[in-house]
Amino acid sequence: METKNITVPIGNINLLNHERKTAFLSSRNMPDYCRPAITQWLDTLNADEDCVMCGDLQKTEHKVILGLVKRGIPTILVLGEPYPKKWPTGIVEAIGDQRLLALTTTDFLLPWVDKYGMADARNRYMIANASKIVVGFCRPDGQLAKQLKDVEAEVTLLNEYDPTKEPPAHKR
């Protein structure tokens, strides 16, 4: 997918041309045992070399975005929903410092949105535009695993699925 289809980006549009764009993805319901590996990965990033694409739909992604901003890592915030009416302070500062680009997939991925949903459309955009993909957690039978199946980019899985560490499922 070509990035020229993006409409109304906010922030540093030049981040789209970064040579080392890494997409951070994670399954929605990530177990607690996965968090330390994600923090360790964040600590390895270098503000002069790395650029990370990440969403902000779920709690894990939100913590990653805040961690990237706090560490000064160039960040592309890819939203699967319209822009918020009010941005968190750290995001506003990162946009002002030209360390962050925010864009939304709602305007240019409409064919995918109906079939897969907004989060999946956002993931597909990041997968198509990343040179590397880092996965915080992925269930082997989940939608994210299906999206990553035939990816050409290097994929790093930070946490292996361990059903023995899963909390019991909620009964409905």
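Residues numbered from 1 in each chain as written. Predicted model: local features only at pLDDT ≥ 70, side-chain atom pairs only at ≥ 80, totals over all residues. Heavy atoms only, no water.

S.K.: Give a detailed account of the overall build of the chain, specifying residues and quantitative values.
M.R.: When you go through the chain residue by residue, the secondary structure sums to six helices and seven strands. When its helices and strands are written in sequence order, the chain yields β-β-α-β-α-β-α-β-α-α-β-α-β. Each of the 172 residues in the chain was classed as buried or not, and the buried ones make up 47%. Carbon and sulfur atoms provide 50% of the accessible area of the chain, an area that totals close to 9600 Å². (Helix = DSSP H or I, 4+ residues; strand = E, 2+ residues; numbered from the N terminus. Buried < 20%, exposed > 50% of the residue type's maximum accessible area, 1.4 Å probe, protein only. Areas by Shrake-Rupley, 256 points an atom, 1.4 Å probe, with all protein chains shown as cover.)

S.K.: Can you explain unusual backbone geometry? Please cite residues and give values.
M.R.: At Gln98, a position not held by glycine, the phi torsion is positive, near 65°. Tracing the chain through its elements places Gln98 in the loop between helix H3 (89-96) and strand S5 (100-104). The class of Gln98 is partly exposed, set by a relative accessible area of 43%.

S.K.: Got a sec to walk through the sheet that holds strand S6 (residues 132-135)? Specific residues and values, please.
M.R.: Judged by pairing direction, the sheet is mixed, and its seven strands sit side by side in the order S1-S5-S4-S3-S2-S6-S7 without closing on themselves. Each edge of the sheet is formed by a strand with only one pairing partner; in this case those strands are strand S1 (10-11) and strand S7 (154-157). One ladder, built from three bridges, connects strand S3 (residues 51-54) with strand S4 (residues 75-79); its direction is parallel. Within S4, the residue paired with Val52 across the bridge is Thr75. Lying on the sheet, helix H5 (residues 118-129) is in contact with strand S2 (21-25), S3, S4, S5 and S6; it crosses S2 at an angle near 150°. (Pairing = 2+ DSSP bridges. Contact = heavy atoms within 4.5 Å. Axes fitted to C-alpha atoms, helices over the stretch in contact; angles between N-to-C directions.)

S.K.: Describe H5, and please don't skip the residues or the numbers.
M.R.: Three or four residues apart is the spacing at which side chains of an α-helix point the same way, because the helix has 3.6 residues per turn. Here H5 is 12 residues long and its end C-alpha atoms lie 17 Å apart, about the 16 Å a rise of 1.5 Å per residue gives. The buried count for H5 comes to nine of 12 residues, which makes it a mostly enclosed element. Residues Ala119, Asp120, Ala121, Arg122, Asn123, Tyr125, Met126, Ile127 and Asn129 constitute the buried set of H5. (Expected span 1.5 Å × (residues − 1).)

S.K.: Just give me the short version of the packing of aromatic side chains, but keep the residues and values in it.
M.R.: For any pair of aromatic rings, geometry is given as the distance between the ring centres together with the angle between the planes. In total, this model carries four aromatic pairs according to the counting rule given. Where Tyr83 meets Trp87, the ring centres are 5.8 Å apart and the plane angle is 50°; that geometry is what we call tilted. Note on Tyr83: relative accessible area 22%, which makes it partly exposed. By relative accessible area, Trp87 is classed as buried at 17%. (Phe/Tyr/Trp six-rings, centres within 6.5 Å; stacked < 30°, edge-to-face > 60°.)

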